[in-house]
Amino acid sequence: MLQRLGIGIFLSMMTMVVAAVVEAKRLGIAEKHGLIDAPKSVVPMSIWWLVPQYMLCGLTDVFGVVGMQEIFYDQVAEEMRSMGAAMYISTTGVGSFMSSGVISVVQIISSRYGHGEGWLTGNNLNRAHLDYFYWVLAGLCGLSLCFYVWVARRFVYKKIECQNDVNAEA
């Protein structure tokens, strides 16, 4: 379970890296074709550039979400399984709340110390720097992975008793 969840966190980081590279490529194509100040124009870039990051995103869910669900269900006391399921579901809400906080902090910092309006402002996606934002998210995922590995190395699985073990003792 722990390895599956760790793989999910790693794949999440790789998804952000691929998204940053693809966004940088998109910005490069927009600049090459003189579309930086034409926010409503279509950037001549194939939709297939999005396939790797969406595949990674799906794999992230397969490993991360399923691993997290297993841990919250299997590693809590038998009487607390419904609480474990509730805690698992609440992580989505907490993650969304924290995500909006990260967006706000990045926007404030990039507006104050960056060049221009900031990475995420304005109506022109070609002037924004989503690629920088994706790199920040990849870095945060990397820190999260390091913290996860630190915690996972100290994690002790709940001892599971088999029905045969109980009958052998009787």
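Predicted, not measured: the structure shown is a model, and the values here were computed from it. (Residues numbered from 1 in each chain as written. Predicted model: local features only at pLDDT ≥ 70, side-chain atom pairs only at ≥ 80, totals over all residues. Heavy atoms only, no water.)

### A word on the packing of helix H3 (residues 81–113) against helix H4 (residues 130–152)
Here's step 1: Remark: H3 packs on H4, axes separated minimally by 12 Å, with the N-to-C direction vectors making an angle of 125°. The angle between the axes of H3 and H4 places the two elements in the oblique class. In this structure, H3 crosses over H4, and the sense of that crossing is right-handed. Residues Val102, Ile103 and Val106 of H3 lie in contact with H4, whose contacting residues are Phe133, Val136, Leu137 and Leu140.
Here's step 2: Along the lines of polarity and charge, the residues of the contact of H3 with H4 split into 7 nonpolar, no polar and no charged. (Axes fitted to C-alpha atoms, helices over the stretch in contact; angles between N-to-C directions. Helix = DSSP H or I, 4+ residues; strand = E, 2+ residues; numbered from the N terminus. Parallel < 35°, antiparallel > 145°, perpendicular 65-115°, else oblique. Left-handed = near helix turned anticlockwise from the far one by under 90°. Contact = heavy atoms within 4.5 Å. Nonpolar A, V, L, I, M, F, W, Y, C, P; charged D, E, K, R; others polar.)

### A word on the nonpolar core
Across soluble globular proteins, you tend to see nonpolar side chains buried next to one another.
Here's step 1: One finds Leu2, Leu5, Ile9, Ile71, Leu145, Tyr148 and Ala152 forming the largest nonpolar core, which totals 7 residues.
Here's step 2: Secondary-structure elements contributing two or more residues to this core are helix H1 (2–32) and H4.
Here's step 3: Setting aside chain neighbours within four positions, we find leucine 5 in contact with Phe63, Gly64, Met68, Ile71 and Tyr148.
Here's step 4: Formed by 5 residues, the second largest nonpolar core is a distinct cluster that contains Ile29, Ala30, Leu35 and Ile36. (Core = buried A, V, L, I, M, F, W, Y, C linked by side-chain atoms within 4.5 Å. Buried < 20%, exposed > 50% of the residue type's maximum accessible area, 1.4 Å probe, protein only.)

### Let's talk about the side chain of threonine 60
Here's step 1: By the secondary structure assignment, threonine 60 is in helix H2 (residues 51–74).
Here's step 2: For threonine 60, the side chain forms a polar contact with the main-chain oxygen of leucine 11, separated by 3.4 Å.
Here's step 3: Those residues in contact with threonine 60, other than ones at most four positions away along the chain, are Gly8, Leu11, Ser12, Thr15 and Val65. (Polar contact = N/O pair within 3.5 Å; in protein donor to acceptor, adjacent residues only side chain to side chain.)

### Considering the side chain of glutamine 75
Here's step 1: When you line up the elements, glutamine 75 lands in the loop between H2 and H3.
Here's step 2: Overall, glutamine 75 belongs to the buried group, its relative accessible area being 16%.
Here's step 3: With residues near it in sequence (within four places) discarded, glutamine 75 still touches Met1, Glu70, Phe155, Val156, Tyr157 and Lys158.

### Here's the deal with the UniProt feature "signal peptide" (unreviewed entry) in the chain
Here's step 1: The positions that UniProt labels "signal peptide" (unreviewed entry) are, in the present scheme, residues 1–19.
Here's step 2: The distance separating the terminal C-alpha atoms of residues 1–19 is 27 Å; by composition the span is 95% helix and 0% strand. (UniProt positions renumbered as here; feature names shortened; annotations may be inferred.)

### Focus on the environment of phenylalanine 72
Here's step 1: Inspection of the secondary structure assignment puts phenylalanine 72 in helix H2.
Here's step 2: When its relative accessible area of 18% is taken as the criterion, phenylalanine 72 is described as buried.
Here's step 3: Between the C-alpha atom of phenylalanine 72 and that of isoleucine 109, which follows or precedes it by 37 residues, the distance is 36 Å.
Here's step 4: Look past the residues within four positions of phenylalanine 72 in its chain and what remains in contact with it is Gly84, Ala85, Met87, Tyr88 and Thr91.

### Observations concerning a nonpolar patch on the surface
Here's step 1: Together, Val105, Ile108, Ile109 and Tyr113 line one region of the surface with nonpolar side chains, adding up to about 440 Å² of accessible area.
Here's step 2: Tracing the sequence through the fold places isoleucine 109 in helix H3. (Patch = residues over 30% accessible without salt bridge, like charges linked within 9 Å, V, L, I, M, F, W, Y side chains within 5 Å. Areas by Shrake-Rupley, 256 points an atom, 1.4 Å probe, with all protein chains shown as cover. Salt bridge = Lys/Arg side-chain N within 4 Å of Asp/Glu carboxyl O.)

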